[in-house]
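Examining the three-dimensional arrangement
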Protein chains: 2
Amino acid sequence: MSIAEIAFQGEPGAYSESAAIGFFGDCRAYPQDNFESVFSFVQQDVDHFGIIPIENSLAGSIHRNYDLLLRNTLQIVGEYHLRVSHCLLGLPGVRLEDISEVHSHPQALAQCERRIAELGLIQVAETDTAGSARIILDNGVRSAAALASRRAAEVYNLNILLEDMEDNPANFTRFLIISQNPNNPIITSTEYKTSIVFSLNNQPGALFKALSVFALRDIDLSKIESRPVQGRPWEYLFYIDFIGNVNAKSSMRAIEHLNELAPFLRILGSYPRHMINNS
Amino acid sequence: MSIAEIAFQGEPGAYSESAAIGFFGDCRAYPQDNFESVFSFVQQDVDHFGIIPIENSLAGSIHRNYDLLLRNTLQIVGEYHLRVSHCLLGLPGVRLEDISEVHSHPQALAQCERRIAELGLIQVAETDTAGSARIILDNGVRSAAALASRRAAEVYNLNILLEDMEDNPANFTRFLIISQNPNNPIITSTEYKTSIVFSLNNQPGALFKALSVFALRDIDLSKIESRPVQGRPWEYLFYIDFIGNVNAKSSMRAIEHLNELAPFLRILGSYPRHMINNS
């Protein structure tokens, strides 16, 4: 395979770019202004990929990207769990004691609240984490630092003054790799995961019946989430990830069975499972 | 009852403050720096309340607040659905054509991307929406506007130049009202909702069995969400909201039954249901 071309939302040095590199190893990663542009990039060429964050262990699921998965007809071909570790980045030659203010996205600043207070730094909000690193480089202010990824330090030639700034180390983001082609580009596991979305009529026991199609076949679920359908207050969408390849006989039977119960059902993708690495 | 005292995270004019006023009508709302301080305020006095966002229709659940609910022993005593409508706010006397930049939290800016592009405004990130309104007032710059709530316009004496700036009008945040005292302060509905959290051992069919306790009693679920337990990769927590008062016989029986299956179970609260108002 030639080198993978993959779009991500954000500036060079964004966590999504780190995840793309983590997944593919060597790749050409293309920054995009928003998630819509990531999907457009993938629609342009059968060999293009996109990477999107879908859930964070602290902040929860990113429903916006579930919406885009539903609105487009792309396939999930892989997943990647990234440990989000915020680094304090300063200009070359600057020492920690020179720093008096820290720039970043408000969510990153909030995740590092305790350490920032201990260091006595003034917080300055920016549009994104990688952008805050670029601003430190562009402005050349020696008393200012950015909270961003290790990758952003490389991209913007900044020094890592401190690592693991976040108050809660259990900070993981799960990314999905999307493509027109349902075949996964890289085998990262022998175990597969399948993501589906379906609706159910709002009747007591409807979800119970739906889950029976998996339970009766000893298929293990790794995620379930319900969400009201926009504009139809009594209907729900369910997102389920189960362990298994969609082409395995038991998975196929379970999905056929679920089709009898669900007014709407779509297979979002079947892809090698990526285990969370706590190191 | 004397006037309610309620803590919220953010500055005066924050959406959480609007939700507190929406829920209580007249109340004394106390701004707090972070969610931990909201919980501390409620722990201080049996008559104190707190209000916390728990899920947004576009962004998803706020796991951070689920964690705090688990770590504290407070009760959910109410819920409130707030339609999040971002207003463009300028200094008194300023007209729309004078504005060239817009300040707000990056998430609010992203939610209004289309309108901001149409208006040709430069985006400036701030720590929160209400804080951006305060900054417009403090700095007195006539070419800058804030994206914030209608309430923020009142608090900071700004003019509403445009309303409903968001690209997607289906933007609701669900807030929970918390207290030491499990009795709900205001009856807003005759129908009750109960929120519980429980863990299950990771066995195929475990969730199916757990849901049977509701299905067998025709109890309707309004939300289900799974989440890995931090540090225990094979265990899951489930958050379920069901329709019904926890003191009703069928609810009590269902919870007793679930207790037989779940290694951990806690009732987070039982409270009058608040219907989403689409107007």
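This text goes with the structure placed above it.
Below, the structure is looked at part by part. All values derive from a computational prediction rather than experimental measurement.

Grouped together as the largest cluster of nonpolar side chains are 46 residues, with contacts concentrated most on Phe198(A), Phe214(A), Phe198(B), Leu211(B) and Phe214(B). In this structure, Phe214(A) is in contact with Ile196(A), Ile219(A), Leu221(A), Ile240(A), Phe242(A), Ala254(A) and Leu258(A), ignoring residues within four places of it in sequence.

Let us now look at the sheet that holds strand 10 (residues 159–162) of chain B. Residue and element names in this part refer to chain B. With mixed pairing, five strands are arranged side by side in an open sheet as 8-7-9-6-10. Both outer strands of the open sheet, strand 8 (122–125) and strand 10, are each paired with one neighbouring strand and no more. Ignoring strand direction, the axes of neighbouring strands in this sheet form an average angle of 35°. Inspection of the sheet shows strand 6 (residues 87–90) paired to strand 10 by three bridges, in the antiparallel sense. Across the sheet, residue glycine 90 finds its bridge partner in strand 10, namely asparagine 159. Where helix 6 (residues 129–139) meets the sheet, its contacts fall on strand 6, strand 7 (101–104) and strand 9 (144–148), and the angle it forms with strand 9 comes to roughly 155°.

This brings us to the interface of chain B and chain A. The interface is formed by 43 residues belonging to chain B together with 44 residues belonging to chain A. Buried area between chain B and chain A, summed over both chains or domains, comes out near 3300 Å², and the portion from carbon and sulfur atoms is 55%. The largest share of the area that chain B buries against chain A comes from Pro204(B), Phe208(B) and Ile224(B), three residues that together contribute 17% of it. The interface formed by chain B and chain A holds zero salt bridges in total. Along the contact surface separating chain B from chain A lie six residue pairs in polar contact (both at pLDDT 80 or more). Of all elements in the fold, only strand 4 (60–61), helix 3 (63–71), helix 8 (206–215), strand 13 (221–229) and strand 14 (232–243) of chain B reach the threshold of two or more residues within the side of chain B that touches chain A. The element that contributes the greatest number of residues to the side of chain B that touches chain A is strand 13 of chain B, accounting for seven residues.

Rules of the game
In every chain, residue numbers begin from 1 and rise along the written sequence. Chains carry letters and ligands carry numbers; both start at the beginning, A for chains and 1 for ligands, and go up in the order they are written. Owing to the predicted nature of the model, reporting of local features is limited to residues with pLDDT of at least 70; listing and counting of side-chain atom pairs is limited to 80 or more, with chain, interface and lining totals taken over all residues. Computation of side-chain values: all heavy atoms of the structure, hydrogens and water removed. Side-chain atoms within 4.5 Å are what join buried Ala, Val, Leu, Ile, Met, Phe, Trp, Tyr and Cys residues into a set we call a nonpolar core. Three exposure classes are used, based on accessible area relative to the maximum for each residue type with a 1.4 Å probe and protein chains only: buried under 20%, partly exposed in between, and exposed over 50%. Contacts between residues were defined by any pair of non-hydrogen atoms, one from each residue, lying within 4.5 Å. We treat two strands as partners when DSSP finds at least two bridges between them. By definition, any uninterrupted DSSP run of H or I lasting at least four residues is a helix, any uninterrupted run of E lasting at least two residues is a strand, and each is numbered from the N terminus. Lines fitted to C-alpha atoms define the axes here, with helix axes fitted over just the stretch in contact, and angles between the N-to-C directions of these axes take values from 0 to 180 degrees. Here the quantity called buried area is the total loss of accessible area, with a 1.4 Å probe, experienced by two parts when brought into contact, counted for both. By definition, a salt bridge exists where a carboxyl oxygen of Asp or Glu is found within 4 Å of a side-chain nitrogen of Lys or Arg. What qualifies as a polar contact is a pair of N or O atoms within 3.5 Å, subject to a donor-acceptor requirement within protein and to the restriction that residues adjacent in sequence count only when both atoms come from side chains.

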